[in-house]
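Residue-level listing of the chains:
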Amino acid sequence: MPELPEVETVRRGLAPWLEGARILSVDLRRPDLRFPLPAGFRDRIEGATVRTLSRRAKYMLATLSTGETMIMHLGMTGRFVVEAGDGVTAPGDFYDDSPRLAAHDHLVLTLATSDGRPARLVYNDVRRFGFIDLCSDAALAGNPHLASLGAEPLDDAFDAAALARLFEGRTTTLKAALLDQRLVAGLGNIYVCEALHRAGLSPRRKAGSLVTRAGAPRAGLERLAGEIRAVLGEAIAAGGSTLRDYVAPDGARGGFQQRFLAYDREGEPCRREGCAGLIRRFVQNGRSTFHCAACQR
Ligand SMILES: [Zn+2]
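Quick look at the coordination of the zinc ion
Coordination sphere of the zinc ion, protein contribution only: Cys270 (SG), Cys275 (SG), Cys292 (SG) and Cys295 (SG), at 2.3 Å. Because the angles between the 4 donor atoms bound to the zinc ion fall within 103 to 116°, the donor set is best described as tetrahedral. Mapping the donors of the zinc ion onto the primary sequence yields the spacing C-x4-C-x16-C-x2-C.

So, the packing of helix H3 (residues 160-167) against helix H6 (residues 219-237)
Contact geometry of H3 with H6 gives a least axis separation of 9 Å together with a crossing angle of 110°. Between H3 and H6, the interaxial angle falls into the category roughly perpendicular. Between H3 and H6 lies a crossing whose hand is right-handed. From H3, Ala160, Leu163, Ala164 and Phe167 reach across to H6, where they touch Leu221, Glu222, Leu224, Ala225 and Ile228. The residue inventory of the contact of H3 with H6, partitioned by class, reads 8 nonpolar, no polar and 1 charged.

Let's talk about the packing of aromatic side chains
Going through the model one piece at a time under the given rule, you end up with 7 aromatic pairs. On the numbers, 4.9 Å between centres and 50° between planes, the contact of phenylalanine 80 with tyrosine 123 is tilted. Of this pair, phenylalanine 80 sits in strand E5 (residues 78-84) while tyrosine 123 sits in strand E7 (residues 118-125), and the two are 43 residues apart along the sequence. Of the two residues, phenylalanine 80 and tyrosine 123, neither departs from the other in class, the shared state being buried. Put simply, the rings of Tyr191, Phe256, Phe260, Tyr263 and Phe290 pair up and form one aromatic cluster.

Concerning the pairing of E5
Most of E5 is tucked away: 7 of the 7 residues are buried. Neither face of E5 is left uncovered, since the one carrying Gly78, Phe80, Val82 and Ala84 and the one carrying Arg79, Val81 and Glu83 both have all their residues buried. One ladder, built from 7 bridges, connects E5 with E7; its direction is antiparallel. Looking across to E7, one finds that glycine 78 is bridged to aspartate 125.

Some words on the pattern of salt bridges
Should their charged atoms come close, side chains of opposite charge can pair. One pass over the structure, following the stated rule, counts 16 salt bridges. One salt bridge in this structure joins glutamate 83 and arginine 120, with 2.8 Å as the shortest N-O distance. Here the residue glutamate 83 occupies a position in strand E5, and arginine 120 occupies one in strand E7, the gap between them amounting to 37 residues. Of the residues examined, glutamate 83 reaches a relative accessible area of 9% and is grouped as buried. A residue is classified by how much of its surface remains accessible, and arginine 120, at 33% relative accessible area, is partly exposed. In this structure, arginine 182 and aspartate 180 form a salt bridge, with 3.0 Å as the shortest nitrogen-oxygen distance. When its relative accessible area of 58% is taken as the criterion, arginine 182 is described as exposed. By sharing partners, the salt bridges in this structure join Glu8, Arg11, Arg12, Arg55, Arg56 and Glu152 into a single network.

Some details on the sheet that holds strand E8 (residues 131-136)
Ordered by their spatial adjacency, 4 strands build an open sheet running E2-E3-E4-E8, and the pairing between neighbours is antiparallel. The sheet is open, and its two borders are formed by strand E2 (50-56) and E8, each paired with just one other strand. Ignoring which end each strand starts from, the neighbouring axes of this sheet average 20° apart. With 6 bridges connecting them, strand E4 (residues 68-73) and E8 associate as antiparallel partners. What sits directly across from histidine 73, in E8, is phenylalanine 131.

Calculation notes
- All residue numbers here refer to positions counted from 1 along the written sequence of the relevant chain.
- Confidence filtering applies because this is a predicted model: local features only for residues at pLDDT of at least 70, side-chain atom pairs given and counted only at 80 or more, and all residues used for totals across whole chains, interfaces and linings.
- Based on all heavy atoms of the structure, the side-chain values leave hydrogens and waters out of the count.
- Nitrogen, oxygen and sulfur within 2.8 Å of a metal are treated as its donors, or within 3.2 Å for sodium, potassium and calcium (Na, K, Ca); water is not counted, so a site can appear incomplete.
- Site shape is set this way: if four donors have all angles between 85 and 135 degrees, tetrahedral; if opposite donors are over 155 degrees apart and all others between 65 and 115, square planar for four donors and octahedral for six; otherwise irregular.
- Here the axes come from fitting lines to C-alpha atoms, over the contacting stretch only for helices, and the angles between their N-to-C directions go from 0 to 180 degrees.
- Elements are defined by DSSP. Helices are runs of H or I of four residues or more, strands are runs of E of two residues or more, and each kind is numbered from the N terminus.
- Throughout, the term roughly parallel applies to angles under 35 degrees, roughly antiparallel to angles over 145, roughly perpendicular to angles from 65 to 115, and oblique to all others.
- Two helices crossing with the near one rotated counterclockwise from the far one by less than a right angle form a left-handed crossing, whereas a clockwise rotation gives a right-handed crossing.
- By definition, residues are in contact when any of their heavy atoms lie within 4.5 Å.
- In this count, Pro and Cys sit with the nonpolar residues alongside Ala, Val, Leu, Ile, Met, Phe, Trp and Tyr, while Asp, Glu, Lys and Arg are called charged and the others, Gly among them, polar.
- For Phe, Tyr and Trp, where Trp contributes only its six-membered ring, two rings pair if their centres lie within 6.5 Å, and the inter-plane angle classes them as stacked under 30 degrees, edge-to-face over 60, or tilted in between.
- Classification of residues uses two cut-offs on accessible area relative to the type maximum, computed with a 1.4 Å probe and protein chains only: under 20% is buried, over 50% is exposed, and between them is partly exposed.
- At least two DSSP bridges between two strands are needed for those strands to be called paired.
- Whenever a carboxyl oxygen of Asp or Glu lies within 4 Å of a side-chain nitrogen of Lys or Arg, that contact is scored as a salt bridge.

So, in structure tokens, the structure goes:
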């Protein structure tokens, strides 16, 4: 499932096409994705201009000239494909690693980009766990998808003190706390495993144990806050991680999976300098946790 770096990679790939583009027509090929598309969807977006394409956690937000925002979530296998008719990018070239089947093209927007080029934005989703919603800008903060989201790890305000406020008194494990989207938004299994390994913290450790009685972050929490930001930043710079189903909008496969220290490395030597441990896997909250018991305490 795409996590924050993959969604941010998609956003960066789409923004030059979408920002300033006018939606000329909407070809809606089914009434639902994971959820039904919003009532009157076609009429509400046809003719609109996309002002900005931003991201909150794993959601992309297209602010429209109509006073509404289109909320897009990729689910497991959702992907957007830009087909430009100018000959620079031919349809299908984006995804030569995993051919896109037209049967899974669920939504096609015909666009005039900000510089007047014709383009088609196609939403393709094999498993249909993704979804698209529309919400008035005035009601956006209270939108059910967004309202309960926790701290945005790439915000300037995200630091050890902010994590200490979130973790204080919590008896859940670090792994569970970091996966809880109401506390920290956008992290999934991969980047939680990686951040905990880099910070030298056991995924089994209680989140509250990293906060002093006075509510201040302990040294481990300082490391964790820094490593969360570092691993996300490095993953975005690498174009995300390519697993089975994730490909960035330009068709480039992300390269960060080659730099995993823990995730998906069961039985392999720990990559921390001077550590002789092996990466182990165990199931935690129904998900595989990868860690090195020798250097993660
Ligand atoms: Zn180790």
